[in-house]
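# Fold and geometry: a report
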Amino acid sequence: MTDNRNKNLESQANQYIWYPFTQMQDHVKEKPVIIEKGEGCFLIDIDGNRYIDGVSSLWTNVHGHRKEKLDLAVKKQLDLIAHSTLLGLSNVPAVRCAQKLVKIAPEGLTRVFYSDNGSTAVEIALKMAFQYHRQAAGGDTNKTRFISFKNAYHGDTIGSVSLGGIDLFHEKYHPLLFDSFKADSPHCYRCPIGESFPECDLKCIDQVEELMASHDHEVCALVIEPLVQGAAGILLQPQGYLKRIRELCTKYNIFMIADEVAVGFGKTGKMFACEHEDVAPDIMALAKGITGGYLPLAATLATEAIFHGFLGAHEEFKTFFHGHTYTGNPLACAVAEANIDIFKEENVIENLQGKIKRFTEKLKTFSDLPHVGDIRQRGIMAGIELVVCKDSKKEYPAKERIGHRVIVEARKHGLIIRPLGNVIVIMPPLAISMEEIDRICEIHMMLYGK
Ligand SMILES: *Cc1c(COP(=O)(O)O)cnc(C)c1O
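Definitions and cut-offs
- Residues numbered from 1 in each chain as written.
- Predicted model: local features only at pLDDT ≥ 70, side-chain atom pairs only at ≥ 80, totals over all residues.
- Heavy atoms only, no water.
- Pairing = 2+ DSSP bridges.
- Helix = DSSP H or I, 4+ residues; strand = E, 2+ residues; numbered from the N terminus.
- 1 Å grid on protein atoms, 1.4 Å probe; cavity = no way out; pocket = protein on both sides within 12 Å on 5 of 7 lines; lining within 4 Å.
- Points joined across faces, edges and corners; volume = space filled by probe spheres on them.
- Nonpolar A, V, L, I, M, F, W, Y, C, P; charged D, E, K, R; others polar.
- Axes fitted to C-alpha atoms, helices over the stretch in contact; angles between N-to-C directions.
- Contact = heavy atoms within 4.5 Å.
- Buried < 20%, exposed > 50% of the residue type's maximum accessible area, 1.4 Å probe, protein only.
- Arc of directions from axis to C-beta.

With that settled, consider the sheet that holds strand 3 (residues 50-53). Taken in spatial order, the 4 strands line up as 1-2-3-16 in an open sheet, and their pairing is mixed. Unpaired on one side and paired on the other, strand 1 (35-39) and strand 16 (415-416) mark the two borders of the sheet.

Given below as structure tokens:
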């Protein structure tokens, strides 16, 4: 019976689904891994195979799967109502969750605008910054443009792609996009200006300031992934960079939009990445970890000053004309609220510190391996860049699919991971245990040792 069921599921998986970010031509020839259950930091497929969830189900999971308090939050809310609209109407979990988000957010972010994924959270941030300057008392209608970074990833909708800087993902859509100013991203392993940290004294930021100085009259906002450019391959900003960006945004009257979609909710070792540099953005986008990896929810937080730019009499039409059908979904907000509560109840951030240390120690042991070019870690996020030659930093050609080969091999050892090109990402849930960290690293050691 189950044999039959599984065979059907496998053939239907290859027949009916068009997978995201996946070349389907090869994919449909492979036996699909079909997940049926989760348990803590493990995923279990229809054949009963257990895998460590090494990328926290695409960077979303926080406290593990089947976390009792989160399961319960969804079940309790289901007994009340699954969905009602937030367009002019409120609901209990949306209110509570917004209050809790403001409480934990960097100072000054006082208003919560919901949506349901990271890309829309960023779109909303863009439209807010732009519209503010169209109509607010302190606004300037010439400020219509954005500064973003090379290697940036802010999602897959057209506005977010316009700010993206990963050619592989974004170049094809170029004719559809609006222009933005792209600054070099700080990337110390392959420094775009050939310097090295800390002797460079963050020289790469001069270019950002030049952009601002010559275009501040037309730029409304700068968009940045604080501390870590995730999708680019876990590229790390050197210490002090984010703070300087904040100072420059203030100096040139440019809103700072922090895209904390990937780094928020503990991934860097603090609740939000901005906290590491004591930075408060004007707008912050949240998604991925916001529901602990349970349900699609996102939030864009804004300052009171920005919010005020949208106030006026009805007929002035200063309304923020944006909203999605499932915005503020009660089930998602209920689980987000429980997710935030767990951080406090279980001292999650505190308990994470020892795990991060252990992770650092284990990652260090990779550095002598012949094809490990760079190991980049921030908190519980790590990227291991594989290169043909360590001295020349020569990259593997795409044809070799080195990243893909590694992750297919990892599965055989009970580890699910996903590469970003030639960079192998490790980003387990915060709930990962010391033993599981050891096991993840052992498996990696085996794979790269080959
Ligand atoms: C994943 C991600 C997004 C997009 O989020 P989706 O929920 O996939 O739309 C945006 N910004 C960053 C930094 C991300 O990592």
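Empty space within the second largest pocket amounts to approximately 700 Å³. The wall of the second largest pocket is formed by 26 residues, among which Leu-86, Val-112, Phe-113, Phe-307 and Phe-320 lie closest to the centre. Elements with a minimum of two residues in the lining of the second largest pocket: helix 5 (92-104), strand 4 (109-115), strand 12 (298-303) and helix 11 (304-308). Top element by residues in the lining of the second largest pocket is strand 4. It accounts for 4 residues. Taken together, the residues of the lining of the second largest pocket break down into 16 nonpolar, 8 polar and 2 charged.

What follows covers the sheet that holds strand 4. With respect to topology, 7 strands assemble into an open sheet ordered 4-12-11-10-7-5-6, the strand pairing being mixed. Whereas interior strands pair on both sides, the edge strands pair on one side only; in this sheet they are strand 4 and strand 6 (181-183). Averaged over all pairs of adjacent strands, the angle between their axes in this sheet comes to 20 degrees, without regard to strand direction. Alignment of strand 5 (residues 145-149) against strand 6, held across 3 bridges, turns out to be parallel. Residue pairing across strands places Ser-148 opposite Lys-182, the latter belonging to strand 6. The sheet strands contacting helix 6 (residues 118-135) are strand 4, strand 5, strand 7 (219-224), strand 10 (255-259), strand 11 (283-286) and strand 12, and the helix crosses strand 12 at an angle near 25 degrees.

Before going further, it helps to spend a moment on helix 14 (residues 402-412). Among the residues of helix 14, Ile-402, Gly-403, Val-406, Ile-407 and Ala-410 are the ones counted as buried. Buried residues along helix 14 cover an arc of 130 degrees about the axis, so they all sit on one side. Contacts from the buried residues of helix 14 go to strand 14 (381-389), strand 16, strand 17 (418-420), strand 18 (423-426) and helix 15 (434-449). Two residues or fewer after helix 14 comes Gly-414, characterised by a positive phi angle close to 85 degrees.

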